[in-house]
Structures are given as C-alpha cells and as structure tokens.
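# Breakdown of the fold
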Amino acid sequence: MTDGRNTLLLVEDSETQALQMRRMLEGQGFTVQRAATAEAALEVLNGPLPDLIIADFHLPAMNGDELVRQVRLNSRTRTIPVLMLTEAQERDLERQGLESGSDAYVPKSAGQDLLLLRIKALLRRRAENPAPEEPGDALHGTFRRTRLLVVEDSATQRVALSAQLTRDGHAVETAPGPDAALDALRAEPAAWDCVVLNAATARFDGVALAERLHAFRAEAGASFQIVALVRDGPPGPGEQALPGQLFAAGADDLIPSPAPPEVMGVRVRAALRRKLLLDEERRTAAASRERALTIERAQAKAAMAEALGRANEELAAANQQLRDTQTKLVQAAKMASLGELVAGIAHEINNPLAFILAHQGTVERLLRQIGDLTPPDSEAAPLVARCGDRAGSMTLGLARIQDLVASLRKFSRQDDNAFQVVNVPEAVETVLALLGPKLGDRVVVERDLQGAEELLCLPALLNQVVMNLVSNAADAIPGRGRITIATRSDWRIYTITIHDSGPGVPDELRDRIFEPFFTTKPIGQGTGLGLAIAYNVVTAHEGAITVGNAPDGGACFTVSVPIRTEP
C-alpha cells in the first residue's frame with residue numbers, strides 16, 4: 001500500500017489486461033486512469049498530470065516508445081516517470097524502450113510483486129526529489145560528463161566495469177567495498193550521478209549497502225541514482241527475495257549480471273537520464289522561486305516607493321496648505337490690527353479736526369468783516385488780505401486732512417452699509433463717470449460684463465473696490481492705454497477682473513501692495529490706502545482678491561466673492 005493515493009496513467013489497448021491491472025493497482029491504493037491508445041494518453045496529459053505512466057510497448061497506431069518520446073519532448077511532462085510493459089522477451093525491445101526515454105522496463109510475465117516494487121521505486125525517487133545544494137553550479141551544469149562510482153570487490157570486475165562505462169562516455173571511479181564508497185561520497189556528495197554496486201557478491205551485504213547509500217543521500221541532500229547488479233539466472237539459496245529487498249532498501253534499478261554491454265549501457269543511461277531530468281526540474285523550480293522572490297521584492301520596493309512618494313506628496317500638500325493658511329492668518333491678523341489702529345487714529349484726528357474746521361470758518365468770517373471795515377489805502381489792508389489768503393490755504397489743507405480721515409474710516413469699515421442688491425452694470429458706469437476726468441481720452445475702457453446683472457453685496461464692493469482698482473490702473477498706464485473690466489458668475493462665485501496695459505506689478509511687491517500706506521506713487525500723489533480698503537471690503541464678503549499678469553503684460557486684479565441669496 002502507498003502512503004498517499006498516487007495517480008497512475010495506464011496506457012493499454014487490451015480491455016482484459018487493462019481491467020486486471022487496474023483492479024490490482026487500485027487494490028494497492030493507487031488511483032488509476034486508463035487510456036486505450038497513445039493518442040488518447042496525450043490528450044489526458046493536457047489536463048492534470050499523473051504521478052507515473054505505465055505504457056504497453058505495442059499499441060495501435062503510435063507505439064509506446066514513440067509515446068515516451070512525445071512525453072520527453074514536452075517541458076511540462078518530461079519529468080514524469082514512465083514504466084514500459086511488453087509481452088516480448090527480446091533484449092532489443094527493452095533497449096528500444098529505454099532509449100526512447102522510459103525509466104524502467106518490466107515484462108508482463110513478471111510477477112505482481114516485481115511490478116509493484118518497480119512502481120514504488122519510481123514514485124519514491126520522484127517524491128523525494130531533493131534539491132541540490134547550489135543549483136546551477138559547475139557540478140550541476142547541463143553539458144558535462146556524468147560521474148559514476150562502481151562498488152565491486154573483485155579487482156578484475158572493477159577494471160572491466162570501469163572500462164565499459166568509460167567507453168560509454170562516463171567519468172568512472174571505483175571502490176572495493178562499502179566503507180571506501182561512502183568515504184568517496186562524503187568527500188563530494190553533490191558530485192556523483194550514479195552508484196553501481198555489485199549486490200551479488202558474497203564479500204559484503206548488497207542490501208545493507210543500498211540502505212546505507214539511500215540514507216546518506218537523504219541526509220546529504222544528494223541526488224545520485226543507486227543501480228544494483230544482481231545475478232542473472234535461477235536464484236541461489238537465500239536469494240528468493242533479493243530484488244524486493246534491494247528495492248525496499250532504496251535501489252532505483254536492478255541490472256542482471258553478467259549482462260551484455262549494450263544492456264548495461266542502456267540501463268545505466270536510463271537511470272542517469274532520470275537523475276539529470278530531476279536535477280534540471282529542481283534547478284528550474286529553484287530559478288522560478290528565485291525569480292518569483294525577486295519580482296515580489298521588486299514589487300514590494302515599488303509599492304513602498306509609491307507609498308513613500310504619495311506620503312511625500314501628501315506632506316508637501318499639507319505643508320503648502322499650512323503655509324497658505326498661516327499666511328492668510330497672518331495677513332488677516334495684520335489687517336485686523338491695522339484696522340483697529342487706523343480706526344483709533346481716525347477717531348483721534350477727527351475730533352480736533354472738527355474743532356479746527358469750526359473755528360476756521362469763524363476766522364475766515366471775521367477776516368472778511370475786518371477787510372470790509374479797513375480802508376483800502378490803510379497800511380493794515382495788505383496784512384488783512386494776506387491773512388485771508390493764508391486762511392484759504394489752511395482750509396484746503398484741512399479739507400485734505402478731512403478726506404484722509406474719511407479714507408481711514410472706510411478702511412476700518414466703520415462706515416460699511418448693509419448688504420443690498422446692486423445692479424452691477426449701472427454701478428460700473430457710475431464709477432467710470434466719476435473717474436471720467438482722470439481717464440480722459442488717453443485711457444480706453446473695455447467692458448466685458450457677462451456675469452449676472454444683479455449682485456447681493458456691500459455697495460462698497462463696486463463704488464470703492466472697483467473705483468480704486470480702475471484709478472490705480474489709470475495711474476499706472478504711461479501715456480495711452482487700455483483697461484478691461486470683466487465679470488463672470490456661476491451658481492456660487494461672482495468674479496470681477498480688471499486688467500490694464502501698464503507695466504504690471506513686480507513679483508517682489510505683490511505681497512505688500514495690500515498693506516496700508518504702502519504705495520509706489522510719488523509723494524503727495526497717493527495715501528497707500530486704496531488697495532488696503534479694497535482688501536478689507538472683499539474680506540468682508542468672505543472673498544479673495546489676487547494680483548497677477550494680464551495677457552498683454554499689465555497687472556490683472558481678480559476679485560472673487562461668494563454669491564449670497566440672503567443678507
């Protein structure tokens with residue numbers, strides 16, 4: 001009985017013999033699949049592979065030896081062990097079957113025990129399938145001479161066997177007994193391909209040597225074949241069970257001795273072919289495992305690199321978002337602090353300014369009365385006129401201070417109105433009408449108002465922000481130029497874009513242009529509050545104002561505010 005249920009493919013055209021053999025094999029615990037022809041067997045091999053093939057030599061159409069050649073030519077099936085059966089006793093059929101690639105040859109007339117021993121020996125070697133110590137090294141290369149160890153106590157027979165096997169192309173070494181053989185194997189366990197031992201000698205126990213060799217190769221992880229020479233002819237006393245004992249001890253094949261040279265050569269080559277095929281299978285499997293591990297490691301590294309790249313991108317995005325948020329917070333805090341400061345300054349200036357303006361009117365009225373009472377030819381008349389002129393100049397200065405205070409109050413949003421619906425085209429036209437004297441004929445204003453006509457906003461969004469942006473654009477244009485006012489809207493954002501044909505805003509100044517009192521205009525021509533007021537008005541709408549480059553090279557200011565449905 002086998003330990004597991006091995007699957008056997010039986011290729012036999014005789015229904016009677018196939019039925020008998022199938023019952024016998026299934027009774028021993030095997031799973032048997034039968035094919036009546038070689039062609040049908042090849043069809044079966046397209047599916048799950050069996051553990052062993054038992055093929056009759058004589059088959060209809062394609063013979064068994066041709067079937068074995070087809071099996072050996074296919075990389076998927078070439079390592080499956082094949083046991084050849086025939087009714088004939090001719091030696092040439094045995095040689096023909098073994099040379100075709102079969103692993104063993106058993107006559108159908110042989111007993112059931114011998115057939116089972118052959119099957120179990122072939123299956124055992126396939127199941128053991130030990131991996132070589134270093135796959136792909138010089139000892140296991142594809143193109144090399146096979147190395148044999150002959151264990152024979154007779155010096156004459158050692159010389160004869162060595163000479164015969166050397167003529168067949170093998171590298172042969174000899175050992176006179178078990179101890180010498182094991183010493184040679186221990187020196188280079190992986191270097192040997194086959195051990196040929198004389199089990200028919202009386203000077204050492206062939207079965208015990210086979211057991212020791214089998215145990216050694218299992219322990220050392222070696223893969224050499226064990227071929228035993230047994231006496232040809234009727235067995236002597238006590239030798240009835242010698243073939244069975246040798247197979248059970250670990251022998252892979254038995255050769256009758258003395259045997260014709262061609263039979264010896266064919267049987268040894270069959271054993272070596274089997275060993276080399278198994279070695280190649282192990283090397284291929286090891287190479288496949290190594291490739292799979294390499295691919296797996298490469299995929300793991302790629303996955304780690306990809307994950308690291310994603311993590312770096314996420315960290316960079318988070319860092320950029322943090323910087324942007326920090327910049328906005330700093331800007332908001334700075335503008336809030338400046339708003340409070342400006343509001344306080346405006347309040348402190350406004351009170352004494354109102355006092356001065358009230359007394360200024362009184363002074364001017366009194367000076368006019370004194371002028372009316374002073375004779376024209378009086379010495380005091382020029383002095384009174386000069387005082388009137390100085391009072392008028394003071395009035396102009398105080399008016400400028402009053403305008404500055406008004407701008408400061410607007411910047412601090414103390415005079416903001418409530419949200420209301422504003423007609424955008426009308427508001428833009430009003431702003432342009434107020435700036436008409438400044439624009440004159442030198443600046444052409446283009447309108448591209450494709451946004452919604454009505455917008456719920458603070459009126460200052462248009463009458464202060466748009467006015468300041470258009471005014472600054474007109475101041476920045478040297479000579480003649482063009483200003484374009486464009487509006488766009490969707491269901492959530494209203495955008496106002498104002499760009500000009502001026503020189504633009506340098507990159508190094510873009511972070512400062514919204515700061516209060518920062519201006520690039522000459523002294524006396526600007527307060528530096530226009531863009532600061534625009535920034536605060538847009539912020540009150542929870543929107544954003546940005547500056548960039550216009551298509552024709554000038555500055556481009558973009559105001560974006562969310563569309564409101566309720567104040």
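Look above for the structure.
### Digging into the packing of helix 8 (residues 206–220) against helix 9 (residues 242–249)
Here helix 8 crosses helix 9 at 15 degrees, and the two axes come no closer than 8 Å. Classed by the angle they form, the pair helix 8 and helix 9 counts as roughly parallel. At the point where helix 8 passes helix 9, the crossing takes the right-handed sense. Across the interface between the two elements, Gly206, Val207, Ala210, Glu211 and His214 from helix 8 touch Leu242, Gln245, Leu246 and Ala249 from helix 9. Considered class by class, the residues forming the contact of helix 8 with helix 9 number five nonpolar, three polar and one charged.

### Considering the sheet that holds strand 7 (residues 171–175)
In space, the five strands of this open sheet follow the order 7-6-8-9-10, with parallel pairing throughout. Only two strands of the sheet have a single neighbouring strand rather than two, namely strand 7 and strand 10 (253–257). Adjacent strand axes in the sheet meet at a mean angle of 25 degrees, parallel and antiparallel pairs treated alike. Relative to the sheet, helix 7 (residues 178–187) contacts strand 6 (147–151), strand 7 and strand 8 (194–198), its axis offset from that of strand 6 by approximately 160 degrees. The sheet strands contacting helix 8 are strand 6, strand 8 and strand 9 (225–231), and the helix crosses strand 9 at an angle near 175 degrees.

### What to know about the packing of aromatic side chains
Applying the stated criterion across every chain yields a total of one aromatic pair. Centre to centre, the rings of Phe216 and Phe224 are 6.4 Å apart; their planes meet at 25 degrees, and the pair counts as stacked. In terms of burial, Phe216 and Phe224 fall into one category: buried. Over the ring of Phe419 we find Arg564, and its NZ or CZ is 4.3 Å from the ring centre.

### Remarks on empty space enclosed by the protein
Within the structure shown, the criterion is met by two cavities of 30 Å³ or more. Space inside the largest cavity adds up to approximately 90 Å³. In terms of lining residues, the largest cavity is bounded by Asp103, Ala104, Arg118, Ala121, Leu122, Arg125, Gln225, Asp252, Asp253, Ala270, Ala271 and Arg274. Elements with a contribution of two residues or more to the lining of the largest cavity: helix 5 (112–128) and helix 10 (261–373). Of the residues forming the lining of the largest cavity, the biggest block, four residues, is contributed by helix 5. Looking at the lining of the largest cavity, its residues break down into five nonpolar, one polar and six charged.

Parameters at a glance
The residue numbering used here restarts from 1 in each chain and proceeds along that chain's sequence as written. Confidence filtering applies because this is a predicted model: local features only for residues at pLDDT of at least 70, side-chain atom pairs given and counted only at 80 or more, and all residues used for totals across whole chains, interfaces and linings. Note that water and hydrogens are dropped before the side-chain values are worked out from all heavy atoms of the structure. To obtain each axis, a line is fitted to C-alpha atoms, and for helices this fit is confined to the stretch in contact; angles are then taken between N-to-C directions over 0 to 180 degrees. Helix and strand definitions follow DSSP, with helices as H or I runs of at least four residues and strands as E runs of at least two, each counted in order from the N terminus. When an angle is under 35 degrees it counts as roughly parallel; over 145 it counts as roughly antiparallel; between 65 and 115 it counts as roughly perpendicular; any other value is oblique. Handedness of a crossing follows from how the near helix is turned relative to the far one, being left-handed for an anticlockwise turn of less than a right angle and right-handed for a clockwise one. Residues count as neighbours in contact if any of their non-hydrogen atoms are within 4.5 Å of one another. Amino acids outside the nonpolar list (Ala, Val, Leu, Ile, Met, Phe, Trp, Tyr, Cys, Pro) and the charged list (Asp, Glu, Lys, Arg) are all regarded as polar, and Gly is one of them. For two strands to be treated as a pair, DSSP must find at least two bridges joining them. Any two of the Phe, Tyr and Trp rings considered here, Trp counted by its six-membered ring, make a pair once their centres fall within 6.5 Å; the pair's planes then place it as stacked at under 30 degrees, edge-to-face at over 60, or tilted in between. Only protein chains enter the accessibility calculation, which uses a 1.4 Å probe. A residue is then buried if its area is under 20% of the maximum for its type, exposed if over 50%, and partly exposed in between. Charge over a ring is defined by NZ of Lys or CZ of Arg lying within 6 Å of the ring centre and within 35 degrees of the ring normal. Method remark: on a 1 Å grid restricted to protein atoms, a set of points is classed as a cavity if a 1.4 Å probe fits but cannot get out and as a pocket if it is open with protein on both sides within 12 Å along at least five of seven lines; lining residues have an atom within 4 Å of a point. Grid points are joined across faces, edges and corners, and a volume is the space filled by probe spheres set on the points.

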